[in-house]
Structures are given as C-alpha cells and as structure tokens.
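Structural overview
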Amino acid sequence: MPLLIVESPKKAKQIASYLGRDWTVKACFGHVRDLPATKADIPEKYRDQAWARLGINVDAGYAPLYVSRARTGVLTDLRAATKAAGGDVYLASDPDREGESIAWHLSVVLGLKDARRVTYQEVTKTAIQKALQNPRPINLALVAAQESRRILDRLAGYGVSPLLWDAIGGPQSAGRVQSAALMLLAQREQSRLSFIPSAYWRVTASVGTTPPFQASVQAIRSLPLATAASFTAQGQLKEGVEVAQLDAQKAEGLRGYLEGRDAEITSIEVSPITRRPPPPFTTSSLQQAAGARLHLGVETVTRAAQSLYEQGLITYIRTDSPALSDEALQLARAAVAERFGEDALPPNPRQYATRNANAQEAHEAIRPAGAFLAPEATGLNGDELALYTLIYTRTVASQMQDALGEKTTITLQAGVVTLGATGTRLTQRGFTALYDDDQKDEDDQALPALTTGQRAPLSKVKAEEKKSSAPARFSEGSFVQLMEKAGIGRPSTYASTLKTLLGRNYVAIRARKLHVTPLGLCVALYLLQQLPQLVDARFTAQMEQDLDAIANGELKRLDYLDRVWRDALKPAIAGAQRTSPRIKVPGREAVFEVRDGQVTLRTADGAALLPAELLPEDLDERSIPALLAGTWKPSVKSTRRTDGETAPSAAPAAKRKSSITPRKKRESTASPRKKASTSGTSRRKA
DNA sequence: CAGTGAGCGAGCTTCCGCTTGACTT
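Going by an unreviewed UniProt entry, chain A carries the name DNA topoisomerase 1 and comes from Deinococcus petrolearius. According to the UniProt record, the Subunit (unreviewed entry) comment for chain A reads "Monomer." For chain A, the Sequence similarities (unreviewed entry) comment in UniProt is given as "Belongs to the type IA topoisomerase family."

And the structure:
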C-alpha cells in the first residue's frame, strides 16, 4: 500500500478521506531536520569542530550540519510506514521552496531511492488524484535555493548577534528579518520624534438650503487655504506651495465675514463611483482586519484561527494567496444567492490575484472550509465566532456585485471666499450589504438636490485651529502588512517575528499600538551605523532574486554564498565597532548610552538610567528633568501592557515556558547571567 | 574561627521557516 506524506496532520486526514483504504497518509509536521540550535543538538563526532556551533562548515563549501528536529515518534512512525509501503512513497509537502526542501530531507531520512514528488494547489479529490498521476523527481535546484536561504540566515543571525552582545550587552539578537522589521518601526518612531506639527485653520458653515448642508472654506481670493498637506514634517510650508494662512484674529475676521452672507452655488460635479469588494483573506490581511474591526492582537487571532482550522471550519491559515478554488467559488456564490438572491451575483465568479511579488501561493485564501456553514450555524462563540464571521462575510462578499454610486462635489462662492462640499450616495449597495470596510470621510454627507446659481445664506460659521499630525504608529495588524509589503518574513513567521521583537524588549505595545523602546532604538540605530545592509529590507528583496536564480540553475549556491558572506557580510562584521554606542535621541537634546542592555539617558545636565516602562515618546521638557532628578513616575496611561485583550487568554500564555512576554523578559534582563528560556529549543530532539 | 562579600573568570546568549501538541501552575 503506497504512502503519501504531507506536512499538516489535518491535511493528512482530509486527503485520507479522499483516497480511501488503498493509501496510507501521514504527516511530517513541517521540517524534520535543521541546523543544530544549541550545543546539545551537536552530534558527538562534531563536538570538537570549531564550526559545529554554527552548524555550517564554511571552508568546506558551506556544508551544513543537519540534525533531526522532528517531534518524538514522528520519524519512527514514518520509517515504519515507509517499510510497510515497500518504499512506494509519495512526497506531497507544500508546493514551494520550503516544501521542496522538506521533501528532500524526508527522502534522505527515509532512505528513498528515487523519491516521487507530487504537488497540488488545492486540497480537493480531483486535484489530489491528478497530482498522484504526475509524480516527478525532487527539484534539487530548488532545494539548493532553500538551503542557501537557510545558511545565509544562520550566518547573518549568528554572525551579527554577537556584535550586539559586545556593544549593547545582554542576550540581544539580530537577523535578516527581525532587524529589517525593527528598522521599519524605528524609522517611524524617529520621524514621529522629530516631527514638528503645523497649525492650520478649518472654517465651516451651514448652507441654508432645505435641508441644510455643511461646506468648508477652500480658498480666499482664489488662494487656497492651508491644510495639513501644505506643510513638511519640519513644520515648514512645502516648496512652491502658495496658500492663505490664518491666525486666530484672521480666522475670527473670516468667520464674521461669512456669517449671514449669501453663498452662490457655482458648480456641481457628479462623478460615478465603483467599489470592488476586497479580496478573500490572506494571513496578513486577516491580521489587519481582525485588528482593526475586532480589536484583536496578532497572537489572539493566530490562536483562534488555528482552532477554527483544526475544527475543519476554515482553510489553512498561513497563506499569501487570495485565490479561491473552483469549489469555493461555487459555494460562495451559492451563499450569495441564498441570502441576497441571484441579482446580487456578478455574471462570472471573481478571482483575485496577489499583488505581492514575493508570494509563493502554495495555499488558497483563508476561507470557510467544507460546507460554508453560516456563522450562526457553527455553534461557535467569543473570539472564534467573531473571527469566523469576519472570514465568512469577507469570502462571500468577494463574490458579490460591486457597490455603485455617485460622488457630488459642490463649489460655492460667498464674496471673495470659495467654499466646497462633497457627498456620496450609493445607488447599488452590492457587497457592502454584507461586508463594508469603507472609511468614513469627515466631510462626507448626504446632500440635498441643488442647482447651479442657487443662493442660500451661511450660518453657524465655525473656525477651529487644527494641527498636522505625525505619521501614525503601526498596530500589530498593520505591522504584519508592513512586513509583507516590505517582503520580509513569511506568513508562518509574521506573528513570531513580532513576538521576538516584544520578547527582546525592542518593541512594546501601548494602547494597541507598537512603540519602539529606547533599547530597540539603540539596537536599530547601532546596526544602521555598523551594518546598514542588514537592516535594509532590500537585502531580502535581492536575496529572493538570487534564490530564484539558484532555483533556475543560473546561479551556483557556492558563488552566491561567497558573494553575500565571504565578500560582504563577513568583512563588514569584522570591521564593525564593538564598543558601547552613543545614540542621538531623535528630536531631543540628549543621547542614549547602553551598557549590559540597560539604556542611560545623558543630557548636558546629567544622566539617568531609564526605567523599563519608559518609551521614547515620554521624553519631553517635563519628563527629562524629572528623570535626571529621579522623581519621574509613569503616568497611568503609560503603564505598559502587552495588549488590550482579554485577560483570561493572556494570563496562561504568560506562564507557558515557550512564550516570551515583555514582562517576563524584563525580569531576566535584570539578571543577565541567568539563563533565559527561549522558545523552540525545548522540543528539539537531542 | 566562621561567615560574609568583593572580585575574578568562565560560559552563555543568537538566526529563519515549516508544522502542532505537551509541558506546568
């Protein structure tokens, strides 16, 4: 009886039901071998080798040392099943670079002579049967690309992290993904810290038609009124911009000028609007939407989604593809027809393509699995129900008609002052009847029927001063989307990268937003000075291109690794400054100094060790003297918490050995010699 | 003389990506 091996046990069960009793289907649970993670992982015979800890013999053509990392029992089970199948084994790991590598490692570990590799894009009976009829050999060039990726990440991570141990002190870490991700957040923090707000005025009036509507001043004597967009981040007018700027006195004058004055409608522009439904969810868009709409953090969403997947209610949760299988398209369309009638359906099913250049599209979109149960029929509750409802409505809405409407832009003239108003009206609700993700514009309103030349008096004129705001902080969900857009990390690692940054105390969550800590800022800016290539997301983009070239056979693995390691990263690490850095605090007259992982703030007036809960944004004219005097106290709102999420789920998580929480980590940085528990090592087999 | 504490030295920390349970409190 032939044996089929897939990565996920859930998938194995599903496929077994398609193939019946003629097949054995087993799961390997992801990668089965890897470079040694700890000293205990190194086999006896390699213990004395200088490179054993790294796991790569660079001088021998970057030869990797692979050790078993499968969960207890998995390999013995697979070996027994291989024997029972008489070596008739099909390797059906995911159809991407990592999946090809897993297939190759399995072929080695199981001693398969000529391994049969099969792939499919969707888990349906016909797709599986078709795949089994077309086995192929393992693509060794693709395996070489994966191995190059693995080796580069180990060399970079284990090469640069010790720099931080010397310069920063404590159990710090750096890597191709985490350091580039940290830099993205640090840049945003820097631009916020150095942002200088600009003041501008917004003047609105009620136009006395029946019913009345709101208009706002656009220009005075044809000179546009300044808005937030007129200014640079340094608080200066942008070059070449000519605008009218008000102050309190002028604004009051304008208010008096307009109050009671007749305005004439000088133009009415109507333009049609069409809104397409958003595509079905990928890992990142699900995180974004669940964060924005349900206020759930990345870890909560991952946990709830994994549970839904295990209950057979949704498809695989780590995917970069928004595509739906034919089966899913039909089920979604049937759900639309049942709820809203045939008219709500577009003539043809909508298929969505990824816009992400790095996407590997080994899986479908995240969507309801099986029978597309309506949310109320699932028997779920709490976060799981909310998340399932979100996934269900987004999937079904993706197969509904566009929303149609019109946007009306009104221009009015009152003496020398030009005013404007806009309104949108939907003529066909389309998908918004089920799933509406429109951001409401503050100016948008329902407008009465109007004609050009019509006159009406202005009343209730209001003038209010506004301030331009710094670029917004990222939420957990938007950070995941940022990583995807920057091309760093994969759907299976977005959550764990964030967890690493939180665990290292480089990043903190306050009021559901991500903040870079003083330590994180020091690490990012130190790396930027010493190894700018590592913190640049383009490093990964270039790597992806080179890995593709290796997979195509155009580039040799050895040539690639020599180029990025021997000729670039290695000499850069050797030349880097290993002494404690002084980091200028952006936008403040102060520097950070770091010793033993502890940040000290130094100004012309003195120095103070920063309390753990202090964030860069807390540093201002009032807090800095208080810090130096030792009288600084965290305000109530600045109490650092991991999340605004439900306590019951957060509390047990903090106690689990494998989880790193900011709080726990801070305790261990206080005694840096104590061994901190790290995730992932405990389950490795020695 | 026993207990304490300062000072010294050795050993350790670390990556990314693929997958889920098995731990303890």
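Moving on from the model shown.
With that settled, the discussion passes to the environment of glutamine 172. Here glutamine 172 lies in the loop between helix 5 (140-167) and helix 6 (176-193). Contacts of glutamine 172, omitting those with residues within four sequence positions, involve Ser161, Leu164, Trp165, Arg504, Tyr506, Leu519 and Gly597. Polar contacts involving the side chain of glutamine 172 include one to the side chain of tyrosine 506, which spans 2.8 Å.

So, about the sheet that holds strand 18 (residues 582-584). Read across the open sheet, the four strands follow the order 18-19-20-21; overall the sheet is antiparallel. The two strands at the open ends of the sheet, each matched to only one other strand, are strand 18 and strand 21 (606-609). Each neighbouring strand pair of the sheet contributes to a mean axis angle of 25 degrees, computed without reference to strand direction. Both strand 19 (residues 591-595) and strand 20 (residues 598-603) contribute to a ladder of five bridges, which runs antiparallel. The residue of strand 20 that forms the bridge with valine 594 is valine 599.

Another aspect to go through is the sheet that holds strand 7 (residues 89-91). Reading across the sheet, the four strands line up as 2-1-7-8 and stay open at both edges, with parallel pairing between neighbours. Bordering the open sheet on either side are strand 2 (24-27) and strand 8 (116-117), each of which pairs with just one other strand.

Here we take up the environment of threonine 209. Mapping threonine 209 onto the fold places it in the loop between strand 9 (199-207) and strand 10 (213-220). Taking the relative accessible area as the measure of exposure, threonine 209 reaches 9% and is therefore buried. Considering only alpha carbons, one finds threonine 209 and leucine 450, 241 residues apart in sequence, at a separation of 8.5 Å. Contacts of threonine 209, omitting those with residues within four sequence positions, involve Pro448, Leu450, Gln454 and Ala456. At a separation of 2.9 Å, a polar atom in the side chain of threonine 209 contacts the main-chain carbonyl oxygen of proline 211.

The next subject is the UniProt feature "active site" (unreviewed entry) in chain A. Listed under "active site" (unreviewed entry) in the UniProt record, and renumbered for this structure, are Tyr316. Structurally, tyrosine 316 can be placed in the loop between helix 9 (298-310) and helix 10 (326-340). Excluding residues that lie within four positions of it along the chain, tyrosine 316 makes contacts with Tyr309, His363 and Ile366. Within the structure, tyrosine 316 has its side chain in polar contact with the side chain of arginine 318 (distance 3.1 Å).

What counts and what doesn't
- Residues numbered from 1 in each chain as written.
- Chains lettered and ligands numbered in written order.
- Predicted model: local features only at pLDDT ≥ 70, side-chain atom pairs only at ≥ 80, totals over all residues.
- Heavy atoms only, no water.
- UniProt positions renumbered as here; feature names shortened; annotations may be inferred.
- Helix = DSSP H or I, 4+ residues; strand = E, 2+ residues; numbered from the N terminus.
- Contact = heavy atoms within 4.5 Å.
- Polar contact = N/O pair within 3.5 Å; in protein donor to acceptor, adjacent residues only side chain to side chain.
- Pairing = 2+ DSSP bridges.
- Axes fitted to C-alpha atoms, helices over the stretch in contact; angles between N-to-C directions.
- Buried < 20%, exposed > 50% of the residue type's maximum accessible area, 1.4 Å probe, protein only.

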